[in-house]
Amino acid sequence: MNKYLDISAEVSEALASGKPVVALESTIISHGMPYPKNVETALEVEKIIRENGAVPATIAIIGGRLKAGLSAEEIEYFGKKGAEIAKASRRDLPVLIARGQDGACTVTTTMMIAHMAGISVFATGGIGGVHRGAETTMDISADLEELGQTPVMVICAGAKSILDLGLTLEYLETKGVPVIGYGTEELPAFYTRKSGFGVDYRLDTPKELAAAFHAKQEMGLKGGMLVANPIPEEYAMDADTINKAIDQAVAESREQGIHGKATTPFLLARVKDLTGGDSLESNIQLVFNNARVAAKTAVELAGMK
Ligand code: PSU
Ligand code: MN
(Lines give C-alpha, C1' and ligand atoms only; values in the text may rest on other atoms or scores of the structure.)
(Ligands and ions follow the chains in the order given, each with its own letter.)
Protein backbone atom coordinates (compact mmCIF):
# COMPACT_ATOMS: atom_id res chain seq x y z
CA MET A 1 0.00 0.00 0.00
CA ASN A 2 1.11 3.54 -0.72
CA LYS A 3 2.93 4.91 2.34
CA TYR A 4 1.28 8.32 1.91
CA LEU A 5 -2.26 6.89 1.87
CA ASP A 6 -4.65 6.59 4.84
CA ILE A 7 -7.84 4.62 4.29
CA SER A 8 -10.53 5.11 6.94
CA ALA A 9 -11.44 2.09 9.06
CA GLU A 10 -14.89 1.79 7.49
CA VAL A 11 -13.64 2.02 3.89
CA SER A 12 -10.75 -0.30 4.60
CA GLU A 13 -13.04 -2.93 6.12
CA ALA A 14 -15.45 -2.63 3.16
CA LEU A 15 -12.64 -3.05 0.62
CA ALA A 16 -11.14 -6.00 2.46
CA SER A 17 -14.47 -7.83 2.43
CA GLY A 18 -15.30 -6.97 -1.21
CA LYS A 19 -18.16 -4.64 -0.34
CA PRO A 20 -19.11 -1.84 -2.78
CA VAL A 21 -17.40 1.53 -2.21
CA VAL A 22 -17.99 4.85 -4.02
CA ALA A 23 -15.36 7.61 -4.14
CA LEU A 24 -16.34 11.29 -3.87
CA GLU A 25 -14.26 14.39 -4.58
CA SER A 26 -13.51 17.32 -2.26
CA THR A 27 -12.98 20.19 -4.75
CA ILE A 28 -16.75 20.27 -5.15
CA ILE A 29 -16.93 20.86 -1.36
CA SER A 30 -14.18 23.49 -0.98
CA HIS A 31 -14.45 25.24 -4.34
CA GLY A 32 -17.78 24.23 -5.83
CA MET A 33 -20.48 25.36 -3.38
CA PRO A 34 -20.90 27.95 -0.61
CA TYR A 35 -20.72 27.05 3.09
CA PRO A 36 -22.78 25.53 4.74
CA LYS A 37 -24.64 24.11 1.70
CA ASN A 38 -21.42 22.39 0.61
CA VAL A 39 -21.15 20.45 3.88
CA GLU A 40 -24.87 19.60 4.00
CA THR A 41 -24.66 18.34 0.42
CA ALA A 42 -21.50 16.29 0.99
CA LEU A 43 -23.05 14.59 4.03
CA GLU A 44 -26.33 13.95 2.21
CA VAL A 45 -24.44 12.42 -0.75
CA GLU A 46 -22.72 10.02 1.67
CA LYS A 47 -26.13 9.13 3.13
CA ILE A 48 -27.59 8.43 -0.32
CA ILE A 49 -24.68 6.14 -1.12
CA ARG A 50 -25.25 4.18 2.09
CA GLU A 51 -29.02 3.94 1.42
CA ASN A 52 -28.18 2.41 -1.94
CA GLY A 53 -25.98 -0.28 -0.46
CA ALA A 54 -22.44 1.10 -0.78
CA VAL A 55 -19.85 2.74 1.49
CA PRO A 56 -18.87 6.36 0.66
CA ALA A 57 -15.20 7.38 0.55
CA THR A 58 -14.75 11.13 0.27
CA ILE A 59 -11.21 11.80 -0.92
CA ALA A 60 -8.95 14.68 0.11
CA ILE A 61 -5.43 15.58 1.25
CA ILE A 62 -5.02 16.51 4.91
CA GLY A 63 -1.71 17.58 6.38
CA GLY A 64 0.18 15.95 3.52
CA ARG A 65 -1.66 12.63 3.82
CA LEU A 66 -3.80 11.17 1.01
CA LYS A 67 -7.15 10.30 2.59
CA ALA A 68 -9.77 7.85 1.34
CA GLY A 69 -12.78 8.20 3.65
CA LEU A 70 -13.35 11.39 5.65
CA SER A 71 -15.16 11.84 8.97
CA ALA A 72 -18.04 14.32 9.25
CA GLU A 73 -15.65 16.67 11.09
CA GLU A 74 -13.16 16.51 8.23
CA ILE A 75 -15.89 17.25 5.69
CA GLU A 76 -16.94 20.24 7.83
CA TYR A 77 -13.30 21.43 7.84
CA PHE A 78 -13.08 21.30 4.02
CA GLY A 79 -16.43 23.06 3.66
CA LYS A 80 -15.64 25.83 6.13
CA LYS A 81 -12.14 26.55 4.82
CA GLY A 82 -13.47 26.62 1.27
CA ALA A 83 -11.20 28.24 -1.30
CA GLU A 84 -8.42 28.67 1.31
CA ILE A 85 -7.68 25.00 0.63
CA ALA A 86 -5.53 24.47 -2.44
CA LYS A 87 -7.24 22.89 -5.43
CA ALA A 88 -5.06 19.83 -5.98
CA SER A 89 -4.56 18.33 -9.42
CA ARG A 90 -1.91 15.74 -10.40
CA ARG A 91 0.91 18.27 -10.73
CA ASP A 92 0.23 19.65 -7.21
CA LEU A 93 0.71 16.38 -5.30
CA PRO A 94 4.51 16.29 -4.91
CA VAL A 95 4.87 19.71 -3.26
CA LEU A 96 1.64 19.56 -1.23
CA ILE A 97 2.62 16.19 0.21
CA ALA A 98 6.24 17.14 0.87
CA ARG A 99 5.12 20.28 2.69
CA GLY A 100 2.41 18.50 4.69
CA GLN A 101 -0.37 20.71 3.34
CA ASP A 102 -4.09 20.21 2.71
CA GLY A 103 -5.55 19.79 -0.75
CA ALA A 104 -9.04 19.63 -2.22
CA CYS A 105 -9.07 16.81 -4.76
CA THR A 106 -10.31 17.39 -8.30
CA VAL A 107 -11.62 14.61 -10.51
CA THR A 108 -7.99 13.88 -11.44
CA THR A 109 -6.62 13.40 -7.93
CA THR A 110 -9.78 11.69 -6.71
CA MET A 111 -9.35 9.10 -9.49
CA MET A 112 -5.67 8.68 -8.58
CA ILE A 113 -6.27 8.20 -4.85
CA ALA A 114 -9.37 6.03 -5.41
CA HIS A 115 -7.27 3.74 -7.59
CA MET A 116 -4.43 3.61 -5.02
CA ALA A 117 -7.04 2.57 -2.43
CA GLY A 118 -8.68 -0.01 -4.71
CA ILE A 119 -11.93 1.88 -5.40
CA SER A 120 -13.37 1.65 -8.93
CA VAL A 121 -16.50 3.82 -8.90
CA PHE A 122 -16.56 7.59 -8.37
CA ALA A 123 -19.56 9.96 -8.34
CA THR A 124 -19.30 13.70 -8.92
CA GLY A 125 -21.08 16.64 -10.56
CA GLY A 126 -19.09 17.73 -13.58
CA ILE A 127 -15.64 17.03 -15.01
CA GLY A 128 -13.06 19.38 -16.47
CA GLY A 129 -12.44 19.27 -20.22
CA VAL A 130 -11.21 21.18 -23.22
CA HIS A 131 -11.91 24.87 -22.68
CA ARG A 132 -13.42 27.07 -25.34
CA GLY A 133 -10.54 28.69 -27.21
CA ALA A 134 -8.16 25.85 -26.30
CA GLU A 135 -6.83 25.90 -29.86
CA THR A 136 -4.88 28.99 -28.75
CA THR A 137 -4.76 28.76 -24.91
CA MET A 138 -4.11 24.98 -24.76
CA ASP A 139 -6.29 24.92 -21.63
CA ILE A 140 -7.25 21.27 -21.38
CA SER A 141 -8.12 19.81 -17.97
CA ALA A 142 -5.83 17.17 -16.52
CA ASP A 143 -9.10 15.27 -15.84
CA LEU A 144 -9.07 14.06 -19.45
CA GLU A 145 -5.52 12.70 -19.20
CA GLU A 146 -6.43 10.94 -15.98
CA LEU A 147 -9.47 9.34 -17.61
CA GLY A 148 -7.07 8.11 -20.27
CA GLN A 149 -4.81 6.31 -17.80
CA THR A 150 -6.48 5.50 -14.48
CA PRO A 151 -9.04 2.67 -14.22
CA VAL A 152 -11.91 4.36 -12.42
CA MET A 153 -15.49 4.81 -13.61
CA VAL A 154 -16.53 8.45 -13.23
CA ILE A 155 -20.27 9.12 -13.01
CA CYS A 156 -21.06 12.76 -13.74
CA ALA A 157 -23.86 14.86 -15.24
CA GLY A 158 -21.90 15.54 -18.41
CA ALA A 159 -19.82 18.69 -18.79
CA LYS A 160 -20.84 22.32 -18.58
CA SER A 161 -20.76 24.33 -21.75
CA ILE A 162 -18.15 26.57 -20.12
CA LEU A 163 -16.14 23.95 -22.05
CA ASP A 164 -15.99 23.15 -25.74
CA LEU A 165 -18.01 19.94 -25.54
CA GLY A 166 -17.21 18.85 -29.08
CA LEU A 167 -13.45 19.13 -28.53
CA THR A 168 -13.78 17.45 -25.13
CA LEU A 169 -15.40 14.42 -26.81
CA GLU A 170 -12.68 14.37 -29.49
CA TYR A 171 -9.98 14.38 -26.82
CA LEU A 172 -11.66 11.54 -24.92
CA GLU A 173 -11.88 9.53 -28.14
CA THR A 174 -8.15 10.03 -28.73
CA LYS A 175 -7.41 8.84 -25.20
CA GLY A 176 -9.59 5.76 -25.64
CA VAL A 177 -12.13 6.70 -23.00
CA PRO A 178 -15.64 5.30 -23.53
CA VAL A 179 -18.28 8.00 -23.03
CA ILE A 180 -21.49 6.36 -21.91
CA GLY A 181 -24.88 8.06 -21.77
CA TYR A 182 -26.92 6.69 -18.89
CA GLY A 183 -30.37 6.23 -20.39
CA THR A 184 -29.56 8.72 -23.15
CA GLU A 185 -27.95 8.90 -26.58
CA GLU A 186 -27.00 12.53 -26.03
CA LEU A 187 -24.25 14.00 -23.86
CA PRO A 188 -25.99 15.96 -21.09
CA ALA A 189 -24.63 19.45 -20.39
CA PHE A 190 -24.78 19.40 -16.58
CA TYR A 191 -27.63 21.91 -15.94
CA THR A 192 -29.52 20.69 -18.99
CA ARG A 193 -30.27 17.19 -20.28
CA LYS A 194 -29.16 17.96 -23.82
CA SER A 195 -26.08 19.35 -25.55
CA GLY A 196 -26.52 18.50 -29.21
CA PHE A 197 -23.58 16.04 -29.02
CA GLY A 198 -23.97 12.27 -29.10
CA VAL A 199 -22.32 9.85 -26.68
CA ASP A 200 -20.45 6.70 -27.74
CA TYR A 201 -22.90 4.26 -26.17
CA ARG A 202 -26.19 4.34 -24.33
CA LEU A 203 -26.49 1.99 -21.35
CA ASP A 204 -29.66 1.82 -19.29
CA THR A 205 -28.93 -0.01 -16.05
CA PRO A 206 -26.29 -0.10 -13.30
CA LYS A 207 -25.75 -3.74 -14.26
CA GLU A 208 -24.81 -2.77 -17.83
CA LEU A 209 -22.45 -0.06 -16.56
CA ALA A 210 -20.77 -2.55 -14.23
CA ALA A 211 -20.51 -5.18 -16.98
CA ALA A 212 -18.75 -2.76 -19.35
CA PHE A 213 -16.27 -1.65 -16.70
CA HIS A 214 -15.69 -5.23 -15.60
CA ALA A 215 -14.93 -6.30 -19.20
CA LYS A 216 -12.51 -3.40 -19.57
CA GLN A 217 -10.71 -4.43 -16.38
CA GLU A 218 -10.58 -8.09 -17.28
CA MET A 219 -9.00 -7.23 -20.64
CA GLY A 220 -6.37 -5.25 -18.78
CA LEU A 221 -7.17 -2.02 -20.61
CA LYS A 222 -5.80 1.06 -18.91
CA GLY A 223 -7.89 4.16 -18.37
CA GLY A 224 -11.30 4.97 -17.02
CA MET A 225 -14.85 5.18 -18.25
CA LEU A 226 -17.02 8.27 -18.30
CA VAL A 227 -20.71 7.90 -17.49
CA ALA A 228 -22.89 10.93 -18.20
CA ASN A 229 -26.14 10.83 -16.26
CA PRO A 230 -28.62 13.57 -17.19
CA ILE A 231 -29.96 15.87 -14.47
CA PRO A 232 -33.54 14.84 -13.48
CA GLU A 233 -36.04 16.70 -15.67
CA GLU A 234 -37.66 18.55 -12.76
CA TYR A 235 -34.34 20.17 -11.77
CA ALA A 236 -33.06 20.93 -15.28
CA MET A 237 -32.54 24.61 -16.07
CA ASP A 238 -33.75 26.64 -19.01
CA ALA A 239 -31.11 26.28 -21.74
CA ASP A 240 -31.24 29.94 -22.87
CA THR A 241 -30.83 31.30 -19.35
CA ILE A 242 -27.87 29.09 -18.55
CA ASN A 243 -26.17 29.52 -21.93
CA LYS A 244 -26.40 33.31 -21.70
CA ALA A 245 -24.79 33.23 -18.26
CA ILE A 246 -22.04 30.91 -19.53
CA ASP A 247 -21.30 33.12 -22.56
CA GLN A 248 -21.01 36.16 -20.30
CA ALA A 249 -18.75 34.32 -17.83
CA VAL A 250 -16.46 33.15 -20.65
CA ALA A 251 -16.26 36.70 -22.08
CA GLU A 252 -15.40 38.14 -18.64
CA SER A 253 -12.69 35.54 -18.04
CA ARG A 254 -11.06 36.52 -21.35
CA GLU A 255 -11.27 40.25 -20.60
CA GLN A 256 -9.73 39.70 -17.18
CA GLY A 257 -7.00 37.40 -18.48
CA ILE A 258 -7.97 34.55 -16.16
CA HIS A 259 -5.88 31.45 -16.87
CA GLY A 260 -4.43 28.24 -15.46
CA LYS A 261 -6.07 26.56 -12.48
CA ALA A 262 -8.14 29.71 -11.78
CA THR A 263 -10.18 29.40 -15.00
CA THR A 264 -12.65 26.70 -14.01
CA PRO A 265 -13.38 28.09 -10.49
CA PHE A 266 -13.80 31.59 -11.97
CA LEU A 267 -16.27 30.41 -14.62
CA LEU A 268 -18.22 28.24 -12.18
CA ALA A 269 -18.52 31.07 -9.64
CA ARG A 270 -19.60 33.62 -12.28
CA VAL A 271 -22.23 31.29 -13.73
CA LYS A 272 -23.54 30.70 -10.23
CA ASP A 273 -23.73 34.44 -9.47
CA LEU A 274 -25.38 35.26 -12.79
CA THR A 275 -28.07 32.61 -12.38
CA GLY A 276 -28.76 33.20 -8.69
CA GLY A 277 -29.64 30.34 -6.37
CA ASP A 278 -31.35 28.27 -9.09
CA SER A 279 -28.17 26.77 -10.41
CA LEU A 280 -27.02 25.76 -6.92
CA GLU A 281 -30.17 23.71 -6.32
CA SER A 282 -29.82 22.04 -9.72
CA ASN A 283 -26.18 21.32 -8.98
CA ILE A 284 -27.03 19.66 -5.66
CA GLN A 285 -29.80 17.54 -7.16
CA LEU A 286 -27.70 16.23 -10.03
CA VAL A 287 -24.96 15.16 -7.60
CA PHE A 288 -27.56 13.23 -5.57
CA ASN A 289 -28.74 11.61 -8.79
CA ASN A 290 -25.18 10.57 -9.70
CA ALA A 291 -24.57 9.21 -6.20
CA ARG A 292 -27.57 6.88 -6.56
CA VAL A 293 -26.40 5.48 -9.90
CA ALA A 294 -22.82 5.14 -8.64
CA ALA A 295 -23.85 3.22 -5.51
CA LYS A 296 -26.05 0.84 -7.51
CA THR A 297 -23.26 0.31 -10.03
CA ALA A 298 -20.70 -0.36 -7.29
CA VAL A 299 -23.11 -2.97 -5.84
CA GLU A 300 -23.34 -4.70 -9.24
CA LEU A 301 -19.59 -4.54 -9.75
CA ALA A 302 -18.91 -6.04 -6.31
CA GLY A 303 -21.08 -9.00 -7.35
CA MET A 304 -18.92 -9.62 -10.44
CA LYS A 305 -15.57 -9.97 -8.70
N1 PSU B 1 -16.68 21.32 -13.39
C2 PSU B 1 -17.81 21.44 -12.70
N3 PSU B 1 -17.76 21.43 -11.34
C4 PSU B 1 -16.60 21.26 -10.67
C5 PSU B 1 -15.38 21.12 -11.41
C6 PSU B 1 -15.48 21.14 -12.76
O7 PSU B 1 -18.88 21.57 -13.29
O8 PSU B 1 -16.59 21.26 -9.42
C9 PSU B 1 -14.09 20.91 -10.68
C10 PSU B 1 -13.78 19.40 -10.56
O11 PSU B 1 -13.09 19.17 -9.34
C12 PSU B 1 -12.87 19.18 -11.75
C13 PSU B 1 -12.07 20.47 -11.75
O14 PSU B 1 -12.03 18.06 -11.63
O15 PSU B 1 -13.02 21.48 -11.43
C16 PSU B 1 -11.41 20.73 -13.08
O17 PSU B 1 -10.57 21.83 -12.97
P18 PSU B 1 -9.61 22.22 -14.20
O19 PSU B 1 -10.51 22.62 -15.32
O20 PSU B 1 -8.78 23.34 -13.69
O21 PSU B 1 -8.84 20.97 -14.53
MN1 MN C 1 -7.16 24.28 -17.04
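Note that the structure is predicted; figures quoted are calculated from it, not measured.

Undergrad: I keep staring at the packing of aromatic side chains and nothing clicks. Help me out?
TA: Two aromatic rings are characterised by how far apart their centres lie and by the angle between their planes. A complete count under the given rule lists two aromatic pairs for this structure. In this arrangement the basic side chain of K160 is found over the ring face of F190, its NZ or CZ atom lying 3.7 Å from the centre.

Undergrad: Is there a simple way to explain empty space enclosed by the protein in this structure?
TA: Rolled over the atoms, a probe with the dimensions of a water molecule shows which regions are left empty. On inspection of all chains with the given rule, the structure shows two cavities of 30 Å³ or more. Lining the largest cavity are 14 residues, and of these E25, I28, A42, V45 and V287 lie nearest its centre. Contributing elements (two or more residues each) for the lining of the largest cavity: helix 2 (27-30) and helix 3 (37-51). Counting residues per element, the lining of the largest cavity draws most heavily on helix 3, at four residues. The residue inventory of the lining of the largest cavity, partitioned by class, reads eight nonpolar, five polar and one charged. Estimated volume of the second largest cavity: approximately 60 Å³. As for the second largest cavity, its lining consists of I127, G158, A159, L165, T168, L169, L172, L187 and L226. It is helix 9 (residues 165-174) that contributes the most residues to the lining of the second largest cavity, four residues altogether. Per-class residue counts for the lining of the second largest cavity are seven nonpolar, two polar and no charged.

Undergrad: Would you explain the nonpolar core in this entry?
TA: In globular proteins that are soluble, nonpolar side chains generally tend to be buried together. The biggest cluster of nonpolar side chains holds 98 residues, and the ones touching the most others in it are V22, I127 and L147. No other element matches the 11 residues that helix 13 (residues 278-304) contributes to this core. Residues in contact with I127, not counting those within four places in the same chain, are V107, D143, L144, L147, V154, C156, G158, A159, L163 and L226.

Undergrad: In this structure, what is going on with the pairing of strand 11 (residues 225-228)? I would like to understand it.
TA: Here strand 11 shows no split at all, with M225 and V227 on one side and L226 and A228 on the other all buried. Bridge count for strand 8 (residues 153-156) against strand 11 is four bridges, and the pairing is parallel. Its bridge partner being in strand 11, M153 is matched across the sheet by M225. Sheet topology places strand 9 (residues 179-182) next to strand 11; three bridges connect them, and they run parallel. The residue of strand 11 that forms the bridge with V179 is L226.

Undergrad: Please explain the layout of surface pockets as it appears in this structure.
TA: Estimated volume of the largest pocket: approximately 710 Å³. Around the largest pocket, the lining is made up of 37 residues, and of these K87, T106, G128, D143 and T264 lie nearest the centre. Residue assignment for the lining of the largest pocket shows that the elements contributing at least two residues are helix 2, helix 6 (107-117), helix 8 (142-149) and helix 12 (263-274). Examining the composition of the lining of the largest pocket, we find that five residues originate from one element, helix 12, more than from any other. Looking at the lining of the largest pocket residue by residue, the classes come out as 11 nonpolar, 17 polar and nine charged. Within this model, the second largest pocket holds a volume of roughly 270 Å³. In this structure, the second largest pocket is lined by 15 residues; those nearest its centre are R132, T137, D139, I258 and T263. Of all elements in the fold, only helix 11 (239-255) and helix 12 reach the threshold of two or more residues within the lining of the second largest pocket. With three residues, helix 11 is the single largest residue contributor to the lining of the second largest pocket.

What counts as what
Residues numbered from 1 in each chain as written. Chains lettered and ligands numbered in written order. Predicted model: local features only at pLDDT ≥ 70, side-chain atom pairs only at ≥ 80, totals over all residues. Heavy atoms only, no water. Phe/Tyr/Trp six-rings, centres within 6.5 Å; stacked < 30°, edge-to-face > 60°. Lys NZ or Arg CZ within 6 Å of the ring centre and 35° of its normal. 1 Å grid on protein atoms, 1.4 Å probe; cavity = no way out; pocket = protein on both sides within 12 Å on 5 of 7 lines; lining within 4 Å. Points joined across faces, edges and corners; volume = space filled by probe spheres on them. Helix = DSSP H or I, 4+ residues; strand = E, 2+ residues; numbered from the N terminus. Nonpolar A, V, L, I, M, F, W, Y, C, P; charged D, E, K, R; others polar. Core = buried A, V, L, I, M, F, W, Y, C linked by side-chain atoms within 4.5 Å. Buried < 20%, exposed > 50% of the residue type's maximum accessible area, 1.4 Å probe, protein only. Contact = heavy atoms within 4.5 Å. Pairing = 2+ DSSP bridges.

Note that all results are geometric; they support no functional claim without further evidence.
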